[in-house]
Amino acid sequence: MEYEKMIEWIPFERLTNFQMIREEELGMIFMATWLDGIRIIRGELVEYSQSRIESCGVNLIILHDFQTCDTFIKALTNYTQLEGNIVYGITQSTETNQYIIIIPDEFNSRRNNSNGVCKYCKCYNTSPAWCQSCDPWRAALEWTNENKEINNLIKEFIKEYRFKATEYEKVIEWISFDELINLKEIKGVSDLEFMATWVKGVRTIKSESGQFTQSRTILSVDLMKLNYSQTNALELLENVKAHIQSEKYRIHGITQNTETGLYMLVIEFCHNKRWLANGICEHCKRYNTSPAWCYLCDPPNVVQETSGDKNIDDCIKEFQLKATAFENVIEWISFDRLEDIKTIGKGGFGTVYSSVWLDGKRMVEGDNNLGCVRCRKKSFEVALKELPGSQTSSSEFLNEVSQIYSPTM
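Residues numbered from 1 in each chain as written. Predicted model: local features only at pLDDT ≥ 70, side-chain atom pairs only at ≥ 80, totals over all residues. Heavy atoms only, no water.

S.K.: I'm lost on the overall build of the protein chain in this one. Help?
M.R.: Helices and strands together make up the secondary structure of the protein chain, namely six helices and 21 strands. Taking 2.2 N^0.38 as the reference for a compact globule, 409 residues should give roughly 22 Å; the C-alpha atoms of the protein chain span a radius of gyration of 31 Å, well beyond that estimate. Principal-axis analysis of the C-alpha atoms gives the protein chain an extent of 95 × 60 × 40 Å. Counting all 409 residues of the protein chain, 41% fall into the buried class. Put simply, 50% of the contacts in the protein chain that link residues at least 6 apart link residues at least 24 apart. In the form shown here, the protein chain has an accessible surface area of approximately 23,600 Å², with 49% of it arising from carbon and sulfur atoms. One way to put it: in the protein chain the 45 positive side-chain charges average out to a point 3 Å from where the 57 negative ones average out. (Helix = DSSP H or I, 4+ residues; strand = E, 2+ residues; numbered from the N terminus. Rg over C-alpha atoms; globule rule 2.2 N^0.38 Å. Buried < 20%, exposed > 50% of the residue type's maximum accessible area, 1.4 Å probe, protein only. Contact = heavy atoms within 4.5 Å. Areas by Shrake-Rupley, 256 points an atom, 1.4 Å probe, with all protein chains shown as cover. Lys, Arg positive; Asp, Glu negative; His and termini not counted. Charge placed at Lys NZ, Arg CZ, Asp CG, Glu CD.)

Okay, here's the thing in structure tokens:
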């Protein structure tokens, strides 16, 4: 047997900083510091020596209902025979006389001194200011829910995903509906119902002088409706799981509308498009989704000139609500804002003209250092296409426009 693979007896007093992290079918899982440390071989080529990594983190399994030596040995044998299982040694509690299996710290490869030290197990965190062994368990112990109407399946679901979280910011939590204020209806985006201010705040990691700390930042969040039968909690959870697995947006948690009784996801839509360089939206106070433009806030606030034809005005507004950038906004252009009109081509599909648009096309100017601002390139040359038959039917004209312009996020 190799030196590193030897199973040894570990005196209980050589284990410190005990911290329970979860309960499994096999038994209770603890974390501890093994003062002597795991066996390793140091050296290169023929110069090898036996050594140890002192004061390292390990996991402890306290088996359920195995109090006698014989039953413990049987359970230990079964555990070691499973592929991939590693055992450093066994010990016995001086308080309960229970036998304990010592195994590797499952998150050891992710522990780094730059992440800071966990205040519970005293080991390096697995991500900045977050210990995957300790924090999910502590959060589960501290979590209370005063809403008695919440289905137990939903509570267990949230706890399950809390234990799966690999970073502080990725924890999914229950969010009380009264923590969501300033509700504003979202238009033009399927399944999104409201924008709101979350008074408790979005989970963020703050960094100062190389030190990471857990924090909260009060920001706007988006509320997404969930399609499910109100009498089928399993269908609701499957819907939530599908959204989580899609990774289309950052999911903060689940809430329940106190007026309708419906459950909703609290998310940050377009989170992967919100960057500092885009500037801050004056409405939701988040980073814009494109330079000087917020996909959720700006489209409903576009000031629209009217054509006098309701069908055309409604069509333009529909396109405006889907605009993904300031430059992509379609608008009604009054004919008197076009000058120097010249014929440049004729055909079976209509006449094409050139013209100068006095107001000019929409543009965004600036850079990452100075910031971005909206502007127009005035007296801009454009082409005009005349559609046969559009004089008597706006629907035929809109049909062709819809085929040409199909905005997507």
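S.K.: Please clarify how the nonpolar core should be interpreted in this entry.
M.R.: Nonpolar side chains in soluble globular proteins tend to be buried together. Judged by nonpolar contacts, the single largest core of 31 residues is most densely connected at I254, F269 and L296. Setting aside residues up to four positions removed in sequence, I254 forms contacts with I154, F157, I158, E173, W174, I175, V240, Y263, M264 and L265. Ranked by size, the runner-up nonpolar core spans 19 residues in total, among them M31, I101, C118 and C134. (Core = buried A, V, L, I, M, F, W, Y, C linked by side-chain atoms within 4.5 Å.)

S.K.: Looking at this structure, I do not really get the pattern of salt bridges. What am I missing?
M.R.: Should their charged atoms come close, side chains of opposite charge can pair. Enumeration over the complete set of coordinates arrives at 20 salt bridges. In this structure, E318 engages K322 in a salt bridge whose closest nitrogen and oxygen atoms are separated by 3.5 Å. A residue is classified by how much of its surface remains accessible, and E318, at 42% relative accessible area, is partly exposed. A salt bridge links D340 to K342, with the nearest nitrogen and oxygen atoms 3.9 Å apart. The class of K342 is partly exposed, set by a relative accessible area of 45%. Three or more residues joined by partner-sharing salt bridges are found here, namely E173, K200, R203 and R216. (Salt bridge = Lys/Arg side-chain N within 4 Å of Asp/Glu carboxyl O.)

S.K.: It is not clear to me how the packing of aromatic side chains should be interpreted in this structure. Could you clarify?
M.R.: When we look at a pair of aromatic rings, we describe it by the centre distance and by the angle of the planes. Counted under the stated rule, the structure contains ten aromatic pairs. Pairing Y228 with Y263 gives two aromatic rings, centres 6.4 Å apart and planes at 45 degrees, and the pair type is tilted. Taken together, the positions of Y228 in the loop between β14 (220-225) and α4 (233-246) and Y263 in strand β16 (residues 263-268) put the pair 35 residues apart, joining distant regions of the chain. Take Y228 and Y263: they sit in the same class, and that class is buried. Among the aromatic side chains, those forming a connected cluster through ring pairs are W174, Y228 and Y263. When the ring centre of Y161 is taken as reference, the NZ or CZ atom of K164 above it lies at 4.8 Å. (Phe/Tyr/Trp six-rings, centres within 6.5 Å; stacked < 30°, edge-to-face > 60°. Lys NZ or Arg CZ within 6 Å of the ring centre and 35° of its normal.)

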